[in-house]
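# Fold and contact review
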Amino acid sequence: MIGLISATAAGAASRDRLAAAWSTRTRVYDGPVAEAVRRAFAECDQVVCFLATGAVVRLVAPLLSDKESDPGVVCVDEAGRFAVSLVGGHAGGANELAREVGGLLGAEPVVTTATDAVGVPGLDTLGLPVEGDLAGVSRAMLDGEPVVLERESPWPLPALPPNVGSPAAPGAMVVRVSDRVRETAAGEVVLRPPSLVVGVGASRGAPVEEVLALVGDTLREAGLSVRSVAGLATVDAKSEEPGIVGAAGRLGVPLVTYTAEELAAVAVPNPSDAPLAAVGTPSVAEAAALMGGGELLVPKRKSVRADGQPAMATCAVVRRPARGRLAVVGLGPGARDLLTPRATAELRRAAVLVGLDQYVDQIRDLLRPGTLILESGLGAEEERARTAVAEARRGQAVALIGSGDAGVYAMASPALAEASDDIDVVGVPGVTAALAAGAILGAPLGHDHVSISLSDLHTPWEVIERRVRAAAEADIVVTFYNPRSRGRDWQLPQALAILAEHRAAATPVGVVRNASRPDESSRVTTLGSLDPGIVDMMTVVTVGNTATREIAGRMVTPRGYRWQKEAD
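Computed from a predicted model, the values in this text were never measured in an experiment.

### Some points on the overall build of the protein chain
Broken down by element type, the protein chain carries 19 helices and 28 strands. Oriented by its inertia axes, the alpha-carbon framework of the protein chain measures out at about 90 × 65 × 60 Å. Per-residue burial for the protein chain yields a buried fraction of 48% across its 568 residues. Looking at the protein chain alone, contacts between residues at least 24 apart form 66% of all its contacts between residues at least 6 apart. Entry remark: accessible area of the protein chain is about 26,100 Å², with carbon and sulfur atoms responsible for 52%. Treating the 54 positive side-chain charges of the protein chain as one cloud and the 67 negative ones as another, the clouds have centres 1 Å apart.

### Remarks on the nonpolar core
Side chains of a nonpolar character, in soluble globular proteins, are inclined to be buried together. The biggest cluster of nonpolar side chains holds 23 residues, and the ones touching the most others in it are V198, V200, V211, L219, L232 and V317. Of all the secondary-structure elements, those providing two or more residues to this core are β11 (196–202), α7 (208–221), β12 (229–235), α8 (242–251) and β15 (313–319). Apart from residues lying up to four places away in sequence, V317 is in contact with L196, V197, V198, T218, L219, L224, E295, L296, L297 and V298. Within the second largest apolar cluster, 21 residues are counted, among which are I452, W461, L499 and V541.

### Some remarks on the environment of Y258
The residue Y258 is located in strand β13 (residues 255–258) in this model. When neighbours within four sequence positions are excluded, Y258 is seen to be in contact with A233, T234, V235, D236, L263, A288 and M291.

### Digging into helix α6 (residues 134–143)
Listed in full, the buried residues belonging to α6 are L134, G136, V137, S138, A140 and M141. Contact partners of the buried residues in α6: β7 (130–132), β8 (147–151), β9 (173–177) and β10 (188–191). A positive phi of about 75° marks G144, the residue just after α6.

### Here's the deal with the packing of helix α1 (residues 9–21) against helix α4 (residues 94–105)
Two numbers describe how α1 lies on α4: the axes approach to 11 Å, and their chain directions differ by 100°. By the angle between their axes, α1 is roughly perpendicular relative to α4. Where α1 abuts α4, its residues S14, R17, L18 and A21 lie against V101, L104 and L105. Among the residues forming the contact of α1 with α4, the class breakdown is five nonpolar, one polar and one charged.

### Quick look at the packing of aromatic side chains
The geometry of two aromatic rings is summed up by the distance between their centres and the angle between their planes. In the structure shown here, the tally under the stated rule is two aromatic pairs. Note on Y409 and Y481: the rings are 4.7 Å apart at their centroids and 50° apart in plane angle, and the pair reads as tilted. Residue Y409 is found in the loop between β19 (397–402) and α15 (412–418), and its partner Y481 is found in strand β23 (residues 477–481); the two are separated by 72 residues along the sequence. Given a relative accessible area of 42%, Y409 falls into the partly exposed group. The positively charged end of R25 is found above the aromatic ring belonging to W22, 4.4 Å away from the centroid.

### Quick look at the side chain of T557
Locating T557 in the fold gives a position in the loop between β28 (554–556) and α19 (561–567). By relative accessible area, T557 is classed as buried at 3%. At 2.8 Å, the side chain of T557 and the backbone oxygen of P444 are in polar contact. The residues touching T557, leaving out its near neighbours within four places in the chain, are A443, P444, G446, H447, V477, N545 and T548.

### Focus on the sheet that holds β8
Ordered in space as β7-β10-β9-β8, the four strands form an open sheet in which the pairing is mixed. In this open sheet, the two strands that pair with only one neighbour each are β7 and β8. Sheet twist, expressed as the mean angle between neighbouring strand axes with direction ignored, is 20°. One ladder, built from three bridges, connects β7 with β10; its direction is antiparallel. Residue pairing in the sheet places G132 in a bridge with V189 of β10.

### So, the sheet that holds β12
Spatially, β13-β12-β11-β15-β14 is the arrangement adopted by the five strands of the open sheet, whose pairing is mixed. Taken across any chain shown, the strands that pair with only one partner, and hence form the sheet edges, are β13 and β14 (295–302). Strand-to-strand twist across the sheet, computed as the mean angle between neighbouring axes with direction ignored, equals 20°. Summarising the sheet, β11 and β12 pair through four bridges and their orientation is parallel. Bridge pairing in β12 places V197 opposite G231. Contacts between α7 and the sheet are confined to β11, β12, β14 and β15, with β15 contributing the most and set at about 40° to the helix.

### So, the pattern of salt bridges
This model, assessed by the stated rule, comprises 35 salt bridges. One salt bridge connects R176 with E150, and the closest N-O pair in it is separated by 2.5 Å. Residue R176 is located in strand β9, and its partner E150 is located in strand β8; the two are separated by 26 residues in the primary sequence. The closest approach of N and O atoms between R364 and E375, which form a salt bridge, is 3.5 Å. With a gap of eleven residues between them, R364 in the loop between α13 (357–363) and β18 (372–376) and E375 in strand β18 connect regions that are remote in the sequence. What emerges from the salt-bridge pattern is a single network uniting E150, E152, R176, R182 and E188.

### Section: the side chain of K238
In this structure, K238 sits in the loop between β12 and α8. Every residue in contact with K238, bar those within four places of it in the chain, is listed here: A202, S203, R204, I244 and V279.

### Digging into unusual backbone geometry
Backbone geometry at N482 places phi at a positive 45°, although glycine is not the residue there. Tracing the backbone shows N482 in the loop between β23 and α18 (491–500). A relative accessible area of 22% places N482 in the partly exposed class. Although it is not a glycine, A552 sits at a positive phi angle of roughly 55°. Here A552 lies in the loop between β27 (549–551) and β28. Judged by relative accessible area, A552 falls into the exposed class, the value being 66%.

Parameters and conventions
Residues numbered from 1 in each chain as written. Predicted model: local features only at pLDDT ≥ 70, side-chain atom pairs only at ≥ 80, totals over all residues. Heavy atoms only, no water. Helix = DSSP H or I, 4+ residues; strand = E, 2+ residues; numbered from the N terminus. Buried < 20%, exposed > 50% of the residue type's maximum accessible area, 1.4 Å probe, protein only. Contact = heavy atoms within 4.5 Å. Areas by Shrake-Rupley, 256 points an atom, 1.4 Å probe, with all protein chains shown as cover. Lys, Arg positive; Asp, Glu negative; His and termini not counted. Charge placed at Lys NZ, Arg CZ, Asp CG, Glu CD. Core = buried A, V, L, I, M, F, W, Y, C linked by side-chain atoms within 4.5 Å. Axes fitted to C-alpha atoms, helices over the stretch in contact; angles between N-to-C directions. Parallel < 35°, antiparallel > 145°, perpendicular 65-115°, else oblique. Nonpolar A, V, L, I, M, F, W, Y, C, P; charged D, E, K, R; others polar. Phe/Tyr/Trp six-rings, centres within 6.5 Å; stacked < 30°, edge-to-face > 60°. Lys NZ or Arg CZ within 6 Å of the ring centre and 35° of its normal. Polar contact = N/O pair within 3.5 Å; in protein donor to acceptor, adjacent residues only side chain to side chain. Pairing = 2+ DSSP bridges. Salt bridge = Lys/Arg side-chain N within 4 Å of Asp/Glu carboxyl O.

Function-wise, these values are silent; they only describe arrangement.
Have a look at this one:
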């Protein structure tokens, strides 16, 4: 929850804008400001104060205890010009909150955390629990000193500065990725990957304390960190067992369940007749932990009760294999304000970026220092897809970029055709060329519509022609991608001729070149008047259906033919 506090009418206006936009995330604190700050600080994860920074400093100073538990505090001036990350930039999320607040209010986010200021990823912002000499190692990263990277677990990480990953040297700082418990020395940081799965079985009514004690003792005796537990796993018959559900809740991890049939198919070293009779599978703890594959680190063991009664819980621990991550990212039509926040986050998360050189140039400034950039020219789509998948299979966090939406005539199809289930794949949608052009033209896509690429480099013209004819006969609005190039100048006139067999010459046609870019141009013409010579590969052509009209210079396709008949 985010607490919102203001003292003046001007501050309250900005406060209320946040409250309206984030109604489920925020709580307004009224009354005397000092008391409001105290209550918000105690009750909220983050606080936004619409006050002078000096005043906020004096109010929160007596309340500070520990940066790992204090809420993040953002201060916004009463004119709404700046959103200052004041306290808890990383641990409290104030840096990111300042950016969010700035984006919503049109304020400039002010972030002074050293790593953020120079674009170096803070070790406590990588999405993994971190332990050790965070300040010392971060300073070495900032100063360009050699920092050794030791990966006991090859978990995918965002890009790190070039000085991280240096060969081991006496006195060098160390970043270690490990799920094993160990004492950290000065100059050492340990990142905890979510590499452990704990399978759990329990009798009806097993106390949550018994389940928790079993899990904790098992991990501790095996020298494994509880902070690397990715989740608990069990049979679906136990999905609502209070002891198991409560243990997952207290550990702050998800509970994953499987059917008895799924678990019975998993080979385990210690099958038993008891769970077979109770829930229909010879193993719960071991089989559930092994469902996703991995190495069985701790075979099934039972809880020990202080009262001497029979054990009511079992558990087993598996280290799941590290998996590379491939994000297929749509960059939108080109304008920075049409690049989605999710796309920006994925670009920042990537250690490797793969893309067409001109698209890389669009977003190069958003990448973290140290990002490996693998760029190539036009016509190498399949090779880029293979490269991105290969990097992900090496355990890297990879972003494969394309214009518009990556799934529309872009990189998602070749990448997913190349990828198998040995990597994690995430799709990040983007604003397509058809949507960007449609917004410029008016509302040409208000009813059923279809996009057709006129490039016959990958699709035989006979297939393209059949699709154009089907769209013409079905009276569907058509957006043509890749309509014309110097080497392909006859396809667009032929496609328009097919449409003209079913639509009047006065049918509106929209032509948009470089939608959303500085040299954007657009015009609305007609099917009978369009000169294909004005069209090139940077152009999108949208042909209306029989109901599409030009109204005040804009293309409009009504949402239904009944509405159009009533209007006529």
